[in-house]
Amino acid sequence: MEKYNILVIDDDKEIVELIRIYLQNEGYNVLVGFNGDEGVEILAKQKIHLLILDIMLPGEDGLQICRKIRESYIIPIIMVSAKSCDMDKIMGLGTGADDYLAKPFNPMELMARVKSQLRRSFYMNTQVLDKQHDENIINICGLSINKNNHTVSLLGNIVDLTPTEYEILLLLAGSPGKVFSVEKIFESVWKQKFYESNNTVMVHIWRMREKLESNPKEPKIIKTIWGVGYKIEG
């Protein structure tokens, strides 16, 4: 069975060492970043199964780091903080954390939450793998496109697309990495001849990005190839 890699991002070395001891006693591999930049660098190089993230960090705080990580990674995130009020918890969960634990915490409670999140993640990944065997489901860039019932979900959350937006997404996602010109998209989806002054496709792409992208001005899913068209990377 694969050994889980757990990343701890916290600048308090005593807390980090305490967490490391308990995690290693449970058989986990532990990697440590003492600030957000170190943590993100480790994520880029190592396969991480779960992240324990402190809010109070030097430089970018844990909330900013959580948002950044959520743009590219689907892993359980447990946020820890000396801040214990409800609003801090709401903010932590609102940025994409899966669980929140206030300091000082009982290490055994943290271990229980780690195990719970890993079980949940394993179950969800198993469901995704099962779906990938269905030729009528496309999984790409965190999206799951179900051609059976014309639904789209992003990181497990249903996205409400119009029929036209759905057809555009299906066209792009059906050929990952392929660049589709505006003319090709229009004629494939609208089944009409394209006229050069028609900006219909551009408007629809922008509306789709507002629904799919964390920052529509810096799209990670539907990418623009200037002077050519649009594509979704595989």
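Shown above is the structure to which this text applies.
All values derive from a computational prediction rather than experimental measurement.

A.B. asks: Help me understand the sheet that holds strand S5 (residues 99–102), please; the structure alone is not making it clear to me.
C.D. replies: Within a sheet, each strand pairs with its neighbour through backbone hydrogen bonds, oriented either parallel or antiparallel. Taken together, 5 strands build an open sheet; the order of strands is S2-S1-S3-S4-S5 and the sheet is parallel. Looking at strand neighbours, the two that pair on one side only are strand S2 (29–33) and S5, the edges of this open sheet. Across the sheet, the mean angle from the axis of one strand to that of its neighbour is 20 degrees, orientation sign disregarded. Taken together, the 5 bridges between strand S1 (residues 5–9) and S2 define a ladder with parallel strand orientation. Bridged to Ile6 within S2 is Val30. Seen against the sheet, helix H3 (residues 62–70) touches strand S3 (50–54) and strand S4 (77–81) and runs at an angle of roughly 175 degrees to S4.

A.B. asks: Teacher, can you tell me more about the environment of Asn215 here?
C.D. replies: With respect to the secondary-structure elements, Asn215 resides in the loop between helix H8 (200–212) and strand S10 (222–225). Sequence separation of Asn215 and Glu71 is 144 residues, and the distance between their C-alpha atoms is 9.3 Å.

A.B. asks: I tried to follow the pattern of salt bridges on my own but got confused; where do I start?
C.D. replies: Pairs may arise between side chains of opposite charge once their charged atoms sit close together. Per the stated rule, a full pass over the model turns up 11 salt bridges. Across the salt bridge formed by Glu41 and Lys45, the nearest N and O atoms sit 3.1 Å from each other. Of this pair, Glu41 and Lys45 both sit in helix H2 (residues 36–45), 4 residues apart, roughly one helical turn. Classification of Glu41 as partly exposed rests on a relative accessible area of 44%. For Lys103, the salt bridge goes to Asp54, with nearest N and O atoms at 3.5 Å. Of the two residues, Lys103 is situated in the loop between S5 and helix H5 (107–132) and Asp54 in strand S3; the sequence distance between them amounts to 49 residues. We note that Lys103, like Asp54, is buried.

A.B. asks: Can you walk me through the environment of Ile65 in this structure?
C.D. replies: By secondary structure assignment, the location of Ile65 is in helix H3. Judged by its relative accessible area of 0%, Ile65 is buried. Filtering out sequence-adjacent residues up to four positions away, Ile65 remains in contact with Gly36, Val40, Leu53, Leu57 and Glu60.

A.B. asks: Looking at this structure, how should I read helix H1 (residues 13–25)?
C.D. replies: Count 3.6 residues to each turn of an α-helix, and residues three or four apart come out pointing the same way. End to end, H1 covers 18 Å across 13 residues, agreeing with the expected 18 Å (1.5 Å per residue, within 8%). Along H1, the residues that are buried comprise Val16, Ile19 and Leu23. Viewed along the axis of H1, the buried residues span an arc of 70 degrees, placing them on a single side of the element. Pointing more than 90 degrees away from the buried face of H1 are the exposed residues Glu14 and Asn25. Structurally, the start of H1 carries an N-cap: the backbone nitrogen of Glu14 is 3.1 Å from a side-chain oxygen of Asp12. Phi turns positive one or two residues past the end of H1, at Gly27, with a value near 95 degrees.

Parameters and conventions
Residues numbered from 1 in each chain as written. Predicted model: local features only at pLDDT ≥ 70, side-chain atom pairs only at ≥ 80, totals over all residues. Heavy atoms only, no water. Pairing = 2+ DSSP bridges. Helix = DSSP H or I, 4+ residues; strand = E, 2+ residues; numbered from the N terminus. Axes fitted to C-alpha atoms, helices over the stretch in contact; angles between N-to-C directions. Contact = heavy atoms within 4.5 Å. Salt bridge = Lys/Arg side-chain N within 4 Å of Asp/Glu carboxyl O. Buried < 20%, exposed > 50% of the residue type's maximum accessible area, 1.4 Å probe, protein only. Expected span 1.5 Å × (residues − 1). Arc of directions from axis to C-beta. Polar contact = N/O pair within 3.5 Å; in protein donor to acceptor, adjacent residues only side chain to side chain.

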